Amino acid sequence: MRDRLLILSVFIVASCGLAYELIAGALASYLLGDSVLQFSSIIGTYLFAMGLGSHCSKYVKEERALATFIDVELLVGLIGGLSALFLFLVFAWANAPFRTVLYALVVICGALVGMEIPLVMRVLNQRKTAFADIVSRVLTFDYMGALAVSLLFPLVLAPKLGLARTALLFGICNVGVALWTARVFRRELVNPVHFYLRGGIVLMLLGGSFVAADRLTAWSEKAIYGDEIIHAETTHYQRLVLTKWQDDLRLYINGNLQFSSRDEYRYHEALVHPVLEKQPWTRKVLILGGGDGLALREVLRYPQIESVTLVDLDPAMTTLFSTSAPLVALNKGALKDKRAHVVNEDAGQWLEKDNGVFDAIIIDFPDPSNFALGKLYSVPMFRLVNRHLAQNGLMVVQSTSPMHAPRSYWSINKTLEEAGFVTTPYHAYVPSFGEWGFIIGAKQAGYTPPTAYRLPMKFLDTESTRQMFFFPPDMHKVDVEANRLNNQSLVHYFEQDWSRVLR
Amino acid sequence: MELTRRKVLQLGLAAGAGMALGGCKLLQLGLNIKGYWPGMLEGHLLRGNTQLPAPSVERKVGVAILGGGAAGLFAAWKLVRGGRKDVLLVDGPEFGGNCAAGALGGLAHPRGAHYLPLPSLESRHVRELLADMGVIERDAFTAKPYFDERVLVHAPEERLWVDGRWQEGLLPRTGMDADELKQQQRFLDFVAGLRDKTGSDGRRVFAIPLVLSSTDPQWRALDQLSFAQWLKREGYTAPGLLWYLDYACRDDYGAGSAQTSAWAGLHYFASRGGHAANAEEGAILTWPDGINPLVRHLAAALQPAQRLAGMAVQVTDAGKAVHVDVLNVLSRKVTRLIADQVICAMPLHVAAHVVSDLAGLGFDLHRHGLPHAAWQVSNFLIDAFPQEPVEHPLAWDNVVYGSNSLGYVNSTHQLIRQYKPESSVFTAYHAFANEDPRAVRARLEHASAEALYEVAAQDLQRVYGWRWRQHVQQVEITVRGHAMSTPAPGFLGNPGLAALRALDGRIRFAHADLSGLSVFEEASWWGNQAAEALL
Ligand SMILES: Cc1cc2nc3c(=O)[nH]c(=O)nc-3n(C[C@H](O)[C@H](O)[C@H](O)COP(=O)(O)OP(=O)(O)OC[C@H]3O[C@@H](n4cnc5c(N)ncnc54)[C@H](O)[C@@H]3O)c2cc1C
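Residues numbered from 1 in each chain as written. Chains lettered and ligands numbered in written order. Predicted model: local features only at pLDDT ≥ 70, side-chain atom pairs only at ≥ 80, totals over all residues. Heavy atoms only, no water.

- Looking at an unreviewed UniProt entry, one finds chain B named FAD-dependent oxidoreductase, with Chitinilyticum piscinae as its source organism.

- With an unreviewed UniProt entry as reference, chain A is termed Polyamine aminopropyltransferase, source organism Chitinilyticum piscinae.
- Word for word, the UniProt comment on chain A under Function (unreviewed entry) is "Catalyzes the irreversible transfer of a propylamine group from the amino donor S-adenosylmethioninamine (decarboxy-AdoMet) to putrescine (1,4-diaminobutane) to yield spermidine." (UniProt positions renumbered as here; feature names shortened; annotations may be inferred.)

What follows is the structure, encoded as structure tokens:
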């Protein structure tokens, strides 16, 4: 009977052991992205730590084997159980040491879990069960436990309970095993009451956290994104997270803020109208990027515009922004407008094969944070765009921040010039981004900013426009290289500029 | 196309075991692997004593160019540009030769040469071509021409896999000790100093084209020993550096540093030094299909009537004209060209079987022939990119430290895309260096799919492990038994080559073999020389 109990605890212990490993892997890939890498490195580390643990177990004295097993169970329950919650909080409040804490936890949990099975075997062995029989029975239950969890975790636990509470649940199981073992073997333990007491405290702690977990994770997710998440989706290309707090909707792509509904009008008015106000003859417009439909919304306000082609890579993005009610309200259904033509294709590829010519081109690409995105801000790319621009047309490019990333901003300006554009740089203050930069490109000189707008604007007027085109001394032009595909200086500038700003 | 040619050859001309091997065959290994042995059947044909039909047509031409590789096509382009219309080009077995290209799943890929360094100031002929193509946009003959950025290799250019991790650049640095790094720096400083060095005759010591280099005996003495010997003599012992230099020799010459002349080994590092107004030092030019666009541009200068399909089987100087018998392998017809001038742009080991009395012209294959390296160019069509670390994304050229292979190149690297495309072709290069070339060739003729695949995928499997195979859709392996002459010690003074370079009669030669080392600049230089002499 007691042996059977120990075997049953092996089953539970094995389930818990695998569960912590899966939870750590899932958490890492959820928070850090790049799931294959995260998962495999977490699992590798965990297995390695288990090896360490089982090695260490041999230093436990024979007579202490049972007591140590119970202690280890309590510790696994406590640390493993709180691991996910703790990691959420660490990620939310202190971004930098997250990886260190994660791996430290994985190593500790792994080492403790690694001690469990060898200890159980020794306890059983002391009780004179035939050794070969023990090994096979223990291993059978070990693997069965693993199978059970590997199915339960993705199908039931993670979706129903969430990562934090799943971990707590397994922690409670571990403590249960500890308490049960202590009770059944109480006669062999020197002081069983100590174990009951410790177990009770840990159990209360875990139980309390289980109840409060929801509030705690919501609070920590809020700390990550600031607000409650109303939609999260990992598409073929990127991770989209939509948050909401009161009337503030925010979109994050791969963790980077794309807009806040509170002040996006500033960004999009500044992006669109300095071009379109000056071109009352505009009939055909091209938007590259901008799958949220917000620039499109501004463009469609001009009744004379006949067609707008919007090229955005990610169909999930344009679908989300043409179906979700709050988002459709935000972009005024722009993506479903009869004049809008949405194309889901890589912009470079589309430009290479299309030969349409447009009166205005609006470029709202992601920032040049890696070599692939850096290519979008290159002489050949801008030349390609140039071929699609009417002789008297205007183009505008979102160009990072002349305040926070001055070298990136002026490098884009230089690249545009080298691609044959006469440029006019300007900037606008968007509270959720800071001072943001744009550059207008034309085939000939002579662009002057608008002094008034025919359409009603929330942000733009004569004075705010004048200020947009004025560069105070702290935003003066810096001398930098154009972005050459051969070395992509822009990507280096961007990295360096922002690493200076962020601590 | 290759398949039908092979069929015809098998049915029509060939008897004997050798024939069944060549051309193109489908090999199976659960994977779709296609093997391709360009020129092999034709080579066997010339060497065997196959009875050829008598000429059925005669045709008079001004200049007959025999060979559609870089050298022959350059000559043709130059002649047409110079106003000559009476030109006829005979392609031979493979259009483009070592600059050939193919396609898998609609994606173009190289079957040979894959890049061109920024041309040196001496390489005016290459600059002229690049300007004509629009690749050089302005200032073609200045120190810093302005290039079309689409073909300047995009960052990140290269990375090296050292002990399970990537590093930037090909000189191994990760985990190397201070002495190693010091020796690397010493070597780099030394070759940097060589770039502007001139010999006693006032010429650059290491120029490209090679024949413009100084003949100063002090420097030429370097040709008497192997690169490995020279490195030893100069006290270079660092294993990382020595591996890298051996890699460089294999990559450029198809032979290891112990089989390469020290002069040639240094030439690789000291001769280039071209610059661009809009790229970093040492940048290179590349296209998805390697440098095949260069030969395609050259060929576009010719009208269809200026080309004749087939291969030269006999070239005889008949006094007033040269008679060239051209066999059309498909129709089995032989056309006799009566040519005022002939530019022989086929490899010299082929010319030795085609040109009557080549030895009489000064080149005796047995005495003067340089060793030939065998190469294998393996193209993998993949339907998804393998996972790469964020801090070291896939580069254009990806090399494995310590490997005896040459790494792999991504054919879609130059695309301007926000995300990687759905599919791509990876090209893995392998030169069979540090082995007896004859033994290699004998083995390659009968190589099984498994054997070829093993060689092809070795670096990829080292890097990506078992996951690599999952991504692969199709494989095409080009085997080049006689890919290139290798610059063994003593090659500079080879009298047979000197004799052919100096020919000024009705028959001239134009081929990279004349230089003794095989790069596009050298091949095209000889095409340019031959054409200029006839303009
Ligand atoms: C795998 C590989 C990679 C390389 N990579 C590079 C590189 O990256 N950069 C670089 O600069 N160089 C590179 N090279 C070298 C470069 O490709 C060669 O130097 C160059 O292409 C040689 O051109 P060629 O015209 O002299 O000779 P070949 O390419 O040998 O051309 C000979 C031509 O003669 C024809 N021919 C043969 N027999 C006959 C006949 N009987 N009658 C008529 N015609 C005949 C053939 O069809 C062929 O078209 C590489 C070579 C190889 C093999």
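Here the narrative resumes, following the displayed structure.
### Focus: the environment of Tyr302(A)
Then, number 1: With respect to the helices, strands and loops of the structure, Tyr302(A) is situated in the loop between helix H8 (294-299) and strand E6 (307-311).
Then, number 2: The exposure class of Tyr302(A) is buried, given its relative accessible area of 2%. (Helix = DSSP H or I, 4+ residues; strand = E, 2+ residues; numbered from the N terminus. Buried < 20%, exposed > 50% of the residue type's maximum accessible area, 1.4 Å probe, protein only.)

### Structural notes on the UniProt feature "binding site: spermidine" (unreviewed entry) in chain A
Residue and element names in this part refer to chain A.
Then, number 1: UniProt records the feature "binding site: spermidine" (unreviewed entry) at His268 and Asp292, using the numbering of this structure. Separation in sequence by 25 residues is not matched in space for these annotated residues, since their most distant C-alpha atoms are only 11.1 Å apart.
Then, number 2: Structurally, His268 can be placed in helix H7 (residues 264-276).
Then, number 3: Residue classification places His268 among the buried residues on the basis of a relative accessible area of 1%.
Then, number 4: Non-local contacts of His268, meaning those with residues more than four positions away in its chain, are made with Asp292, Leu294, Ala295, Arg297, Glu298 and Asp364.
Then, number 5: With respect to the helices and strands, the residue Asp292 is situated in the loop between strand E5 (284-289) and H8.
Then, number 6: Residues contacting Asp292, with those up to four places away along its chain left out, are Phe259, His268, Met317, Phe321, Asn331 and Leu335.
Then, number 7: From its side chain, Asp292 meets the backbone nitrogen of Leu294 in a polar contact 3.0 Å long. (Contact = heavy atoms within 4.5 Å. Polar contact = N/O pair within 3.5 Å; in protein donor to acceptor, adjacent residues only side chain to side chain.)

### Focus: the domain arrangement of chain B
Residue and element names in this part refer to chain B.
Then, number 1: The domain boundaries assigned to chain B delineate domain 1 (5-43 + 107-113 + 372-485), domain 2 (52-93 + 310-369 + 489-534) and domain 3 (130-151 + 176-282).
Then, number 2: Facing 16 residues of domain 2, the contacting portion of domain 3 comprises 20 residues.
Then, number 3: Here domain 2 packs against domain 3, burying approximately 1,400 Å² in sum over the two surfaces, 67% of which is carbon and sulfur.
Then, number 4: Our count for the contact surface shared by domain 2 and domain 3 stands at 2 salt bridges.
Then, number 5: For Asp132, the salt bridge identified is with Arg81, shortest N-O distance 3.2 Å. (Domains from an automatic or database assignment. Buried area = accessible area lost by both parts, 1.4 Å probe. Salt bridge = Lys/Arg side-chain N within 4 Å of Asp/Glu carboxyl O.)

### Some words on the interface of chain B and chain A
Then, number 1: With 24 residues of chain B in contact, the opposing surface of chain A contributes 28 residues.
Then, number 2: Buried surface at the junction of chain B and chain A, both sides included, amounts to about 2,400 Å², of which 49% is carbon and sulfur.
Then, number 3: Three residues stand out in chain B for area buried against chain A, namely Ile416(B), Arg417(B) and Gln418(B), and they jointly supply 32% of the buried area on that side.
Then, number 4: Here chain B and chain A share 3 salt bridges between them.
Then, number 5: In this structure, the connection of chain B to chain A is made through 14 residue pairs in polar contact (both at pLDDT 80 or more).

### Here we look at the state of the cysteines
Then, number 1: Tallied over the entire structure, the rule returns 0 disulfides over all chains.
Then, number 2: Cys173(A) provides the cysteine sulfur closest to Cys16(A), a residue in no disulfide bond, and the two sulfurs are 5.0 Å apart.
Then, number 3: A disulfide-free cysteine, Cys344(B) has its sulfur positioned 18 Å from the sulfur of Cys99(B), the nearest such atom. (Disulfide = S-S within 2.5 Å.)

### Notes on the packing of aromatic side chains
All names here are of chain B.
Then, number 1: Counted according to the given criterion, the structure contains 39 aromatic pairs over all chains.
Then, number 2: Measuring from ring centre to ring centre gives 6.0 Å for Phe227 and Trp230, while their planes differ by 15°; the resulting arrangement is stacked. Highlighted residues: Phe227 and Trp230, both in helix H7 (residues 227-233), separated by 3 residues, approximately one helical turn. Judged on exposure class, the residue Phe227 and its partner Trp230 are both buried.
Then, number 3: Ring centres of Phe380 and Tyr453 lie 6.1 Å apart, and the angle between their planes is 75°; on these two criteria the pair is classed as edge-to-face. (Phe/Tyr/Trp six-rings, centres within 6.5 Å; stacked < 30°, edge-to-face > 60°.)

### Considerations on helix H14 (residues 406-418) of chain A
Residues and elements named next belong to chain A.
Then, number 1: For H14, spanning 13 residues, the distance from its first C-alpha to its last is 18 Å, which sits close to the expected 18 Å at 1.5 Å a residue.
Then, number 2: Along H14, the residues that are buried comprise Pro406, Ser408, Tyr409, Trp410, Ser411, Ile412, Asn413, Thr415 and Leu416.
Then, number 3: In this structure, the buried residues of H14 make contact with helix H13 (379-387), strand E9 (389-398), strand E10 (422-430), strand E11 (434-442) and helix H16 (489-501). (Expected span 1.5 Å × (residues − 1).)

### Details of the site of the ligand
Residue and element names in this part refer to chain B.
Then, number 1: Neighbouring the ligand are 36 residues; Glu94, Asn98, Tyr115, His511 and Ser518 lie closest to it.
Then, number 2: In this structure, an oxygen atom belonging to the ligand sits 3.0 Å away from a main-chain N or O atom of Asp91.
Then, number 3: A distance of 2.8 Å is found between an oxygen atom of the ligand and a backbone nitrogen or oxygen belonging to Glu94.
Then, number 4: If you list the elements that add at least two residues to the shell around the ligand, you get helix H3 (70-81), strand E14 (311-317), strand E17 (372-382), strand E21 (472-485) and helix H17 (520-533). (Near = heavy atom within 4 Å.)

### Examining the pairing of E17(B)
Residues and elements named next belong to chain B.
Then, number 1: Across the 11 residues of E17, 11 count as buried, placing the element largely inside the fold.
Then, number 2: Pairing of E17 with strand E20 (residues 424-431) involves 8 bridges; the strand directions are antiparallel. Residue pairing for E20: Leu381 is matched across the bridge by Val425. (Pairing = 2+ DSSP bridges.)

### As for the side chain of Asp325(B)
Residues and elements named next belong to chain B.
Then, number 1: For Asp325, the location among the structural elements is in strand E15 (residues 322-328).
Then, number 2: At a separation of 2.7 Å, a polar atom in the side chain of Asp325 contacts the side chain of Arg336.
Then, number 3: In contact with Asp325, not counting residues within four places along its chain, are Pro55, Met311, Ala312, Val313, Gln314, Val334, Thr335 and Arg336.

### Quick look at the UniProt feature "binding site: S-methyl-5'-thioadenosine" (unreviewed entry) in chain A
All names here are of chain A.
Then, number 1: As annotated in UniProt, the feature "binding site: S-methyl-5'-thioadenosine" (unreviewed entry) corresponds to Gln238, Asp312, Asp346 and Ala347 in the numbering used here.
Then, number 2: With respect to the helices, strands and loops of the structure, Asp312 is situated in the loop between E6 and helix H9 (315-323).
Then, number 3: Those residues in contact with Asp312 that lie beyond four places of it in its chain are Gly289, Gly290, Gly291, Met317, Thr318, Val343, Asn344 and Glu345.
Then, number 4: Relative to the helices and strands, Asp346 resides in the loop between strand E7 (340-343) and helix H11 (347-353).

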